[in-house]
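# Working through the structure, step by step
Letter by letter, the chains look like this.
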Amino acid sequence: RLFRQEGTCYQQAKRVLHAAVPDRLYARERETGVIRQFLREHVCGRRPGSLYISGAPGTGKTACLSRVLLDCKDELAGSKTIVLNCMSLSSPQGVFPAVAQQLGLPVAAGREGVRRLEKRLTAQGPMVLLVLDELDQLESKGQDVLYTLFEWPRLPGSRLVLVGLANALDLTDRSLARLGARPAGSPRLLRFPPYTREQLTAILQERLGQVAGDPVLDAAALQFCARKVSAVSGDARKALDVCRRAVELVELEVRSQTLLKPLPGGE
């Protein structure tokens, strides 16, 4: 009975240390606000445009955007939202048939497929929000794929709003330099900085504070983890993984001790 109570505590701790989208993203209020305002201005305001979100892995890019999409679900109900992870594509050119499928178009290869998409995206209809995660996977010779995508919102009569997420901070300067020469300029940029030691500590404390009873991990241990992770990467997912692994080790140790304990009144 005692072990079941302790076991529940460890299970709860592991659950709150998951990397799924939380209800509140600590230390990302500014970035979340920028994304929300951009979607309201462009999708709800029917103004085509593009946003490029960059930052190292684990800095909250995908989590923030996912949180905003959930929170603004009702506001975006009148538009078509397409979310693609470019890691799942077999080639950069594969993004075009993937988008066509989401729009209910017959899949066509090459320039014909791109032409059909452009015709659909400039015809009358609801706004289309296209979210491309891991955007740097679409880099190709001549960057034709990326240029085509970022030029779609500029087409006459376009109803596309493009949001791209990638780890590379300089993708727009390095791979999309020609966009800056156009009158409309480059996509709007939003950079996610690495989490600091204090921010990582607060994130871990907030998560584990949801577990009832005595703290599962000591405050000094959380600060040590946050200091090490912030010095290397500032990756919140890494910090959560380290703490979850620590809870698993403690759980195994407690289980072995409990199983080896003599029964009350035993010899």
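For the structure, check the block above.
Read on for a plain summary of the structure. Since we're looking at a predicted model, the values are computed, not measured. (Residues numbered from 1 in each chain as written. Predicted model: local features only at pLDDT ≥ 70, side-chain atom pairs only at ≥ 80, totals over all residues. Heavy atoms only, no water.)

Let us now look at the overall build of the protein chain. Of regular secondary structure, the protein chain possesses ten helices and five strands. Within the protein chain, contacts between residues separated by at least 24 positions form 81% of all contacts whose residues are at least 6 apart in sequence. About 14,300 Å² of surface is accessible on the protein chain, with carbon and sulfur atoms providing 53% of the total. (Helix = DSSP H or I, 4+ residues; strand = E, 2+ residues; numbered from the N terminus. Contact = heavy atoms within 4.5 Å. Areas by Shrake-Rupley, 256 points an atom, 1.4 Å probe, with all protein chains shown as cover.)

Attention now goes to unusual backbone geometry. One can expect most non-glycine residues to show negative phi and most peptide bonds to be in trans. At R46, a residue that is not glycine, the phi angle is positive and equals roughly 55°. Looking at the element boundaries, R46 is found in the loop between α2 (29-44) and β1 (49-55). The class of R46 is partly exposed, set by a relative accessible area of 48%. A positive phi angle is found at E134, which is not glycine, with a value near 55°. Of note, E134 is situated in the loop between β3 (128-133) and α6 (144-151). On the basis of relative accessible area, E134 is assigned to the partly exposed category, the value being 23%. (Buried < 20%, exposed > 50% of the residue type's maximum accessible area, 1.4 Å probe, protein only.)

Here we come to the side chain of E31. When you line up the elements, E31 lands in helix α2. Those residues in contact with E31 that sit more than four places away from it in its chain are L190, R191, F192 and P193.

Another aspect to go through is the nonpolar core. Formed by 30 residues in total, the largest nonpolar core has its most connected members in V95, L132, L138 and L149. Broken down by secondary-structure element, the contributors of at least two residues to this core are β2 (80-85), α4 (95-102), α5 (110-121), β3, α6 and β4 (160-166). Looking at this core element by element, the count peaks at five residues for α4. Every residue in contact with L138, bar those within four places of it in the chain, is listed here: C86, L89, P92, V95, L132, Q143, V145, L146 and L149. (Core = buried A, V, L, I, M, F, W, Y, C linked by side-chain atoms within 4.5 Å.)

What follows concerns the pattern of salt bridges. For the structure shown, the criterion picks out 15 salt bridges. E75 is the partner of R40 in a salt bridge, and the nearest nitrogen-oxygen pair spans 3.0 Å. Remark: E75 occurs in the loop between α3 (61-71) and β2 and R40 occurs in helix α2; sequence separation between them is 35 residues. Via salt bridges that share partners, D23, R36, R67 and D71 belong to a single interconnected network. (Salt bridge = Lys/Arg side-chain N within 4 Å of Asp/Glu carboxyl O.)

So, on to the sheet that holds β1. The five strands are arranged β2-β3-β4-β1-β5 in an open sheet whose pairing can be described as parallel. On the outer flanks of this sheet lie β2 and β5 (188-192), each paired with one strand and no other. Each adjacent strand pair in this sheet contributes to an overall mean axis angle of 15°, direction not counted. In terms of strand pairing, β2 meets β3 through six bridges, oriented parallel. Opposite V83, over in β3, you have V131 as the bridge partner. Sitting on the sheet, α3 is in contact with β1, β2, β3, β4 and β5, with an inclination near 150° to β4. (Pairing = 2+ DSSP bridges. Axes fitted to C-alpha atoms, helices over the stretch in contact; angles between N-to-C directions.)

Here we take up the environment of L217. With respect to the helices and strands, L217 occurs in the loop between α8 (197-208) and α9 (219-232). Overall, L217 belongs to the buried group, its relative accessible area being 13%. Through-space distance from the C-alpha of L217 to that of Q205 is 9.4 Å; in sequence the pair is twelve residues apart. When neighbours within four sequence positions are excluded, L217 is seen to be in contact with L208, L222, C243, A246 and V247.

Attention shifts here to α4. Among the residues of α4, V95, F96, A98, V99 and A100 are the ones counted as buried. Tucked into the core, α4 has its buried residues touching β2, α5, β3 and α6. Phi turns positive one or two residues past the end of α4, at G104, with a value near 75°.

Packing of α8 against α9 leaves a shortest axis separation of 8 Å and a crossing angle of 135°. Accordingly, the angle class assigned to the pair α8 and α9 is oblique. Seen along the crossing, α8 lies across α9 with a hand that is right-handed. Across from R197, L200, T201, L204, Q205 and L208 in α8, the residues of α9 making contact are L222, Q223, C225, A226, R227, V229 and S230. Tallied by class, residues from the contact of α8 with α9 come to seven nonpolar, four polar and two charged. (Parallel < 35°, antiparallel > 145°, perpendicular 65-115°, else oblique. Left-handed = near helix turned anticlockwise from the far one by under 90°. Nonpolar A, V, L, I, M, F, W, Y, C, P; charged D, E, K, R; others polar.)

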